[in-house]
Amino acid sequence: MFSLRSRLANLDHNLKVLLIEAGENNLNNPWVFRPGIFPRNMKLDSKTASFYESRPSKWLSGRSAIVPAAHILGGGSSINFMVGTASVNPPLRAQ
């Protein structure tokens, strides 16, 4: 969300942007500061994440995708322990 807030504010420096996050406070939340229990955030009964179901897609053989989204202050960076997803395509390299 920081990126979105920054991009909006950079459109007009007189613009004020208010960012409202949903979810509980992450201060002293063991699901946030203990990396060993990170997978707990991805369980369907998690209190730190919400899960949305996409429409069925022909690219998934008619199945729906489950899309997790953080539901805690700080957003996804509070519960992902900086785990990233690598690009499917190789990075572009200047020749």
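The following paragraphs examine the structure supplied in this document. Each chain carries its own residue numbering, running from 1 in the written order of its sequence. In keeping with the model being predicted, local features are shown solely for residues with a pLDDT of at least 70 and side-chain atom pairs are shown and tallied solely at 80 or more, while totals for entire chains, interfaces and linings include all residues. Note: side-chain values were computed over all heavy atoms of the structure, leaving out hydrogens and water.

**What about the side chain of Asn-29?**
Consideration 1: Helix numbering and strand numbering both begin at the N terminus, where a helix is a DSSP run of H or I of at least 4 residues and a strand a DSSP run of E of at least 2. Position of Asn-29 relative to the elements: it lies in the loop between α1 (2–11) and α2 (30–33).
Consideration 2: Apart from the residues within four sequence positions on either side, Asn-29 is in contact with Glu-24, Thr-48 and Ile-72. Any two residues whose heavy atoms approach within 4.5 Å at even a single point are treated as in contact.

**A few points about the side chain of Ser-46**
Consideration 1: Examined against the element boundaries, Ser-46 turns out to sit in the loop between α2 and β1 (49–53).
Consideration 2: Residues adjacent in sequence count toward polar contacts only when both atoms are side-chain atoms; beyond that, a polar contact is any pair of N or O atoms within 3.5 Å, and within protein one must be able to donate a hydrogen and the other to accept it. Of note is the side chain of Ser-46, whose polar atom sits 3.3 Å from the backbone nitrogen of Ala-49.
Consideration 3: Beyond its immediate stretch of four places on either side in the chain, Ser-46 contacts Arg-40, Asn-41 and Phe-51.

**A short note on the pattern of salt bridges**
Consideration 1: One side-chain nitrogen of Lys or Arg within 4 Å of one carboxyl oxygen of Asp or Glu is enough to make a salt bridge. Throughout the structure, instances matching the rule amount to 1 salt bridge.
Consideration 2: The closest approach of N and O atoms between Asp-45 and Arg-40, which form a salt bridge, is 3.2 Å.
Consideration 3: Overall, Arg-40 belongs to the partly exposed group, its relative accessible area being 25%. Here the term buried applies to any residue with accessible area under 20% of the maximum for its type, exposed to any over 50%, and partly exposed to those in between, with areas from a 1.4 Å probe on protein chains only.

**Here's the deal with unusual backbone geometry**
It is generally the case that most residues other than glycine have a negative phi and that most peptide bonds are trans.
Consideration 1: Not every positive phi belongs to a glycine, and Asn-28 is a case in point at roughly 60°.
Consideration 2: Here Asn-28 shows up in the loop between α1 and α2.
Consideration 3: On the accessibility criterion, Asn-28 (60% relative accessible area) is exposed.
Consideration 4: Phi is positive for Ser-61, close to 55°, though the residue is something other than glycine.
Consideration 5: Looking at the secondary structure, you find Ser-61 in the loop between β1 and β2 (66–70).

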